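# Results of the structural survey
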Amino acid sequence: MRKAGPSEESAVTGPATDPRRRVPRTDVVLAEPRIAEAVERLGRELVKRAVVAAQQRARRGEITPEAVPGAVLDALPATAAGLRPVLNATGVLLHTNLGRAPLSAAAREALSLAAGTCDVELDLTTGGRGRRGHGAIEALLAAVPGAGAAHLANNGAAALALVATALAAGREIVIARGELVEIGDGFRIPDLLTSTGARLREVGTTNRVHPADYADAIGPDTAFILKVHPSNFLVSGFTRAVDIPALTGLGAPVVADIGSGLLAPHPLLPGEPDAASTLAAGATLVTASGDKLLGGPQAGLLLGAPGVGAELVQRIRRHPLARAMRVDKLTLAAFEATLRGPVPPTRTALDADPADLRARARRLAALLAGHGVEAEAVESAATVGGGGAPGVTLPSAAVALPERYAAALRSGDPAVLGRLEHGRCLLDLRALPPEADATLAAAVRAVAPARGNNCQNGVIHS
Ligand SMILES: *Cc1c(COP(=O)(O)O)cnc(C)c1O
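Computed from a predicted structure; not experimentally measured. (Residues numbered from 1 in each chain as written. Predicted model: local features only at pLDDT ≥ 70, side-chain atom pairs only at ≥ 80, totals over all residues. Heavy atoms only, no water.)

### Describing helix 7 (residues 134-143)
- Turning to helix 7, its buried residues are A136, I137, A139 and L140. Buried residues along helix 7 cover an arc of 160° about the axis, so they all sit on one side.
- On the buried face of helix 7, the contacting elements are strand 3 (149-153), strand 11 (300-304) and helix 14 (329-340). (Buried < 20%, exposed > 50% of the residue type's maximum accessible area, 1.4 Å probe, protein only. Helix = DSSP H or I, 4+ residues; strand = E, 2+ residues; numbered from the N terminus. Arc of directions from axis to C-beta. Contact = heavy atoms within 4.5 Å.)

Shown next, in the form of structure tokens:
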């Protein structure tokens, strides 16, 4: 319990000349026009906390009382959510820690529209109930004409869990030992599968599996054969996998988890399976992620081949767990716009011409050097990331800065995440659209030491 006595009173407020007595009151600060506007945008509680923090700084003498409103404005976040925008200059196209695929402008617009009330489950012509997600599913089927039916779940793992629950609970999934994959953050496909009540019937060894291994394992308890794309690692040497055509005649449906969400083959990624080819090869069902190479929002795609595959999709769609893994209207809107709208940023980045990237790096480096920044255009190697296309490097270009820039850029506004390489901070341009170059240059200049100011301690003055 706090005891307020006269001595403490004077210690806090001090004599009349003490600047701490001039610290403005909370209601006075909140009434300042720019801060009142922030209250409208961010809510009173959030702004009030910033005011209290700034007042405390003023009382400790860290800032002058007059600086309180400015300190409040500086401390306020851009939105009421804590997330901050980050420019992805890592050269990793799908950076898991940065939220994988950035959405296209069209997808963001659709998402913003869907954020209000919209006809997600209403037929505006009849006034009756409409089929939820109809537009997104139609767009997916239009993008993969070889599919007979499709469904969307929350993410790739959910799509796979749904398939396993609906088709294999209490039964067996036949899977090669070389495809028992850990997908990231300690999550493992085999654990996910068995958590649904399915049993795994492992076949082959870590490096090799033969068609006969699968054939021998199939029996009355088999629910399906599962092929999992080893999307985040490579095995080489004395290896053998069985591809889908060799698995189709064995009397069990073949489910393929292709991971990255490529819908059609991509020339730069010959090792990456795509939905259309996988269905054409004979897979009954295909699962994939929406926020990897597809370039859309987090989602799990489930595609069924015409016939049996399509019937299974309908069965899976009606399973009680499908309701628990249902995508929201925001995802449906962003997903449909990703497929129907202009090429999403991930695909633009993947297809970027290295010559254009080099020209951008040279322009940026020259611009920064003109402002006294120790910047140089260099060749770089980008990767797909997000647990996709392991071993594939994409020729790229970067602006190289002294290493000390990395930390300052990370805490700048907007934050910039580069890549540390050979004692330098590389800002790789492949994952960034050309429109971001001006913002990137401004972010670097904002943390660069003032001209003529040597910075031997590695401290960058803003
Ligand atoms: C990424 C990936 C998953 C998981 O998908 P999420 O959308 O992250 O849930 C599953 N399987 C494979 C092969 C993957 O590459």
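### Description of the confidence of the model for the chain
- Residues at a pLDDT of 70 or more form 94% of the chain, whose mean pLDDT is 93.
- Predicted confidence is poor over residues 1-12, with pLDDT under 50, and the contacts of this stretch with residues over four places away or in other chains come to 5 contacts.
- Residue range residues 453-462 is modelled with pLDDT below 50. Its contacts to residues more than four positions away, or to other chains, number 15 contacts. (pLDDT = per-residue confidence, 0-100.)

### Remarks on the side chain of H95
- The topology assignment puts H95 in the loop between strand 2 (92-94) and helix 6 (105-114).
- Classification of H95 by relative accessible area gives buried; the value is 16%.
- If we skip the residues at most four places from it in the chain, H95 touches N88, T90, R100 and L417.

### Overview of the site of the ligand
- Residues in close proximity to the ligand include R100, N155, G156, A157, I183, I189, H229, S231, D257, G259, S289 and K292, which together make up its full environment.
- Measuring from an oxygen atom of the ligand, one finds a side-chain N or O atom of R100 at 2.8 Å.
- One of the side-chain N or O atoms of D257 is found 2.6 Å from a nitrogen atom in the ligand. (Near = heavy atom within 4 Å. Polar contact = N/O pair within 3.5 Å; in protein donor to acceptor, adjacent residues only side chain to side chain.)

### Focus: the pattern of salt bridges
- On inspection of all chains with the given rule, the structure shows 20 salt bridges.
- For R188, the salt bridge is made with E182, and the minimal N-O distance between the two is 2.7 Å.
- The exposure class of R188 is partly exposed, given its relative accessible area of 44%.
- Where R358 meets E379, a salt bridge forms, and the shortest distance between an N and an O atom there is 3.7 Å. (Salt bridge = Lys/Arg side-chain N within 4 Å of Asp/Glu carboxyl O.)

### Considering empty space enclosed by the protein
- Scanning the model with the defined rule gives 1 cavity of 30 Å³ or more in all.
- Counted as a void, the largest cavity has a volume near 30 Å³.
- In terms of lining residues, the largest cavity is bounded by L93, P102, P345, T346, A349 and A431.
- Element by element, the count of residues in the lining of the largest cavity is highest for helix 15 (residues 345-350), at 3 residues. (1 Å grid on protein atoms, 1.4 Å probe; cavity = no way out; pocket = protein on both sides within 12 Å on 5 of 7 lines; lining within 4 Å. Points joined across faces, edges and corners; volume = space filled by probe spheres on them.)

### What to know about the environment of L420
- By the secondary structure assignment, L420 is in strand 15 (residues 419-421).
- It is 8.7 Å that separates the C-alpha atoms of L420 and T90, two residues lying 330 residues apart in sequence.
- The contact partners of L420, leaving out residues within four places of it in the chain, are E403, A406 and C425.

### Some words on the layout of surface pockets
- Estimates place the volume of the largest pocket at around 1,200 Å³.
- Sorting the residues of the lining of the largest pocket by element identifies strand 1 (86-88), helix 6, helix 15 and helix 16 (354-370) as the ones contributing at least two each.
- Considered class by class, the residues forming the lining of the largest pocket number 21 nonpolar, 6 polar and 7 charged.
- Counting the residues that make up the lining of the largest pocket, at least three belong to each of domain 2 (86-96 + 348-460) and domain 3 (104-342). (Nonpolar A, V, L, I, M, F, W, Y, C, P; charged D, E, K, R; others polar. Domains from an automatic or database assignment.)

### Some thoughts on the packing of aromatic side chains
- With the rule as written, the count across this model stands at 0 aromatic pairs.
- One residue, R208, lies across the ring of F238, its end atom 3.9 Å from the ring centre. (Phe/Tyr/Trp six-rings, centres within 6.5 Å; stacked < 30°, edge-to-face > 60°. Lys NZ or Arg CZ within 6 Å of the ring centre and 35° of its normal.)

### Observations concerning the sheet that holds strand 12 (residues 376-385)
- One open sheet accounts for 5 strands, arranged 2-12-13-16-15; its pairing is mixed. If you trace the sheet from one side to the other, it starts and ends with strand 2 and strand 15, each paired once. In this sheet, adjacent strand axes meet at a mean angle of 45° when their direction is disregarded.
- Here 7 bridges tie strand 12 to strand 13 (residues 394-402), and the two strands are oriented antiparallel to one another. From the neighbouring strand, E379 faces strand 13, where its bridge partner is A397.
- Across the sheet, helix 16 touches strand 12 and strand 13, and the angle it forms with strand 13 is around 10°. (Pairing = 2+ DSSP bridges. Axes fitted to C-alpha atoms, helices over the stretch in contact; angles between N-to-C directions.)

### Some thoughts on the pairing of strand 13
- Across the 9 residues of strand 13, 8 count as buried, placing the element largely inside the fold.
- Direction of pairing for strand 13 relative to strand 16 (residues 424-428): antiparallel, over a ladder of 5 bridges. Each residue of the ladder has a partner; that of L401, found in strand 16, is C425.

### Some remarks on the environment of T165
- Here T165 lies in helix 8 (residues 156-168).
- In sequence terms T165 and Q56 are 109 residues apart; their C-alpha atoms lie 55 Å from each other.
- There is a polar contact of 2.6 Å between the side chain of T165 and the backbone oxygen of A161.

### So, the UniProt feature "domain: L-seryl-tRNA selenium transferase N-terminal" (unreviewed entry) in the chain
- With numbering aligned to this structure, UniProt lists the feature "domain: L-seryl-tRNA selenium transferase N-terminal" (unreviewed entry) at residues 20-59.
- A helix fraction of 80% and a strand fraction of 0% characterise residues 20-59, whose end C-alpha atoms lie 5 Å from each other. (UniProt positions renumbered as here; feature names shortened; annotations may be inferred.)

### With respect to helix 18 (residues 437-447)
- All of the buried residues along helix 18 are D437, L440, A441, A443, V444 and V447. Along the axis of helix 18, the buried positions cluster into a sector of 160°, meaning they face one direction only.
- Along its buried surface, helix 18 packs onto strand 1, helix 16, strand 13, helix 17 (405-410), strand 14 (415-417) and strand 16.

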